[in-house]
Amino acid sequence: MKNFEITRQLINHEFPEFNITTIKKIGEGDDSIAFLFNHNYIFRFPKRKDVKQSLEKEIAVLSKIKTQLDLEIPNFDFISKEINFVGYKSINGTFLTKEIYNSLEKEFQIQIQKSLAVFLSQLHHISLSKLKGCGLKNMNLKEEYSDDFEDTKKLIFPNISPANRDIITKLFTAYLSDDKNFEYKPALIHNDFSTDHILFEISTKKVNGIIDFSDMAIGDPDYDFMYLYGCFGEDFIKSMLKFYEHRNHKNLLEKLHFFSLANKLQILIRTIKENNQDEIKKNYKTLDKWICDYKEQ
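Every value quoted in this text rests on a predicted model; they were computed, and no experiment measured them.

### Looking at the packing of helix H6 (residues 162-177) against helix H9 (residues 249-274)
(1) Moving on: Orientation of H6 relative to H9, taken along the N-to-C sense of each, is 125 degrees, at an axis distance of 10 Å. Relative to H9, the element H6 lies oblique. Read as a crossing pair, H6 and H9 show a hand that is left-handed. Across the interface between the two elements, Ile168, Leu171, Phe172 and Tyr175 from H6 touch Lys255, Phe258, Phe259, Leu261, Ala262 and Leu265 from H9.
(2) Moving on: Residue composition of the contact of H6 with H9, grouped by class: 9 nonpolar, no polar and 1 charged.

In structure tokens:
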């Protein structure tokens, strides 16, 4: 109740013309808290200074790219003076899940693959010259994964079997030593293109919009396929590539396989550094399962 009253006061102070009739809390994470107002407006409140800076980047970029994308993305109608919160009209739809996808007829599954492929193609072909001054970081995956490998050897290797260490070492060495993995044209990437950021309209059986661009960066466009690969598998990506122009399908799939491992290690490393014992145990089990699946291939 206290949060509701505080958010009401903040919005009334900066936007008195916005008549608030209903408030519903719809989510809270480490970075932000979100409320649904009047059944159709979402307001996000960042919790830290660095999240506010990320939100400022999101505001700047989305205003420049929205006309170049077929799918809906957040359009910030309300931006507080100090970027203490933003508000935008909610996009119809529910998060796309594997269960929803598997329940659909083949023609609608293909339509989803096409919609996501076209969206990523449009996003990845946006001119970077238009985004200068927006605060986008340049991702350096070679440097990032080299650091992760060092952390893995120090923090994770002492707790896993020699055989599993060998598999991780083999895959990191193969990725980091292959120049083809870094011969890409830098592009604007969503950088967190997971199913809980894809809105699917049940009534029309179509993808309706994409949300949460807070991690946007300039980097390897192949990275945006990682979470789709993890959720839906290799065949889904192969089908998507019928609608997305890519010069080396084999290399993409090899990279995605490595990304899926590296992502699990990154999460485990973070929970170890945070000393979150419950999450550490859970993430070791996730890593074990990934390696077991890899051995069976």
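### Considering unusual backbone geometry
(1) Moving on: For Asn38, which is not glycine, the phi dihedral falls at a positive 55 degrees.
(2) Moving on: By secondary structure assignment, the location of Asn38 is in the loop between strand E2 (32-37) and strand E3 (41-46).
(3) Moving on: Residues other than glycine seldom take positive phi values, yet Ile83 does so here, at roughly 55 degrees.
(4) Moving on: Inspection of the secondary structure assignment puts Ile83 in the loop between strand E4 (76-79) and strand E5 (86-89).

### Quick word on the sheet that holds strand E9 (residues 206-210)
(1) Moving on: As summarised here, the arrangement of the 3 strands in space is E6-E8-E9, forming an open sheet in which the pairing is antiparallel. The two strands at the open ends of the sheet, each matched to only one other strand, are strand E6 (94-95) and E9.
(2) Moving on: Of the strand pairs in this sheet, E6 and strand E8 (residues 198-201) are connected by 2 bridges, and their pairing is antiparallel. Paired with Phe95 across the two strands is Leu199, which belongs to E8.
(3) Moving on: On the sheet, helix H4 (residues 106-124) packs against E8 and E9 and is oriented at approximately 30 degrees with respect to E9.

Criteria and thresholds
Residues numbered from 1 in each chain as written. Predicted model: local features only at pLDDT ≥ 70, side-chain atom pairs only at ≥ 80, totals over all residues. Heavy atoms only, no water. Axes fitted to C-alpha atoms, helices over the stretch in contact; angles between N-to-C directions. Helix = DSSP H or I, 4+ residues; strand = E, 2+ residues; numbered from the N terminus. Parallel < 35°, antiparallel > 145°, perpendicular 65-115°, else oblique. Left-handed = near helix turned anticlockwise from the far one by under 90°. Contact = heavy atoms within 4.5 Å. Nonpolar A, V, L, I, M, F, W, Y, C, P; charged D, E, K, R; others polar. Pairing = 2+ DSSP bridges.

All we've got here are geometric facts, nothing functional implied.
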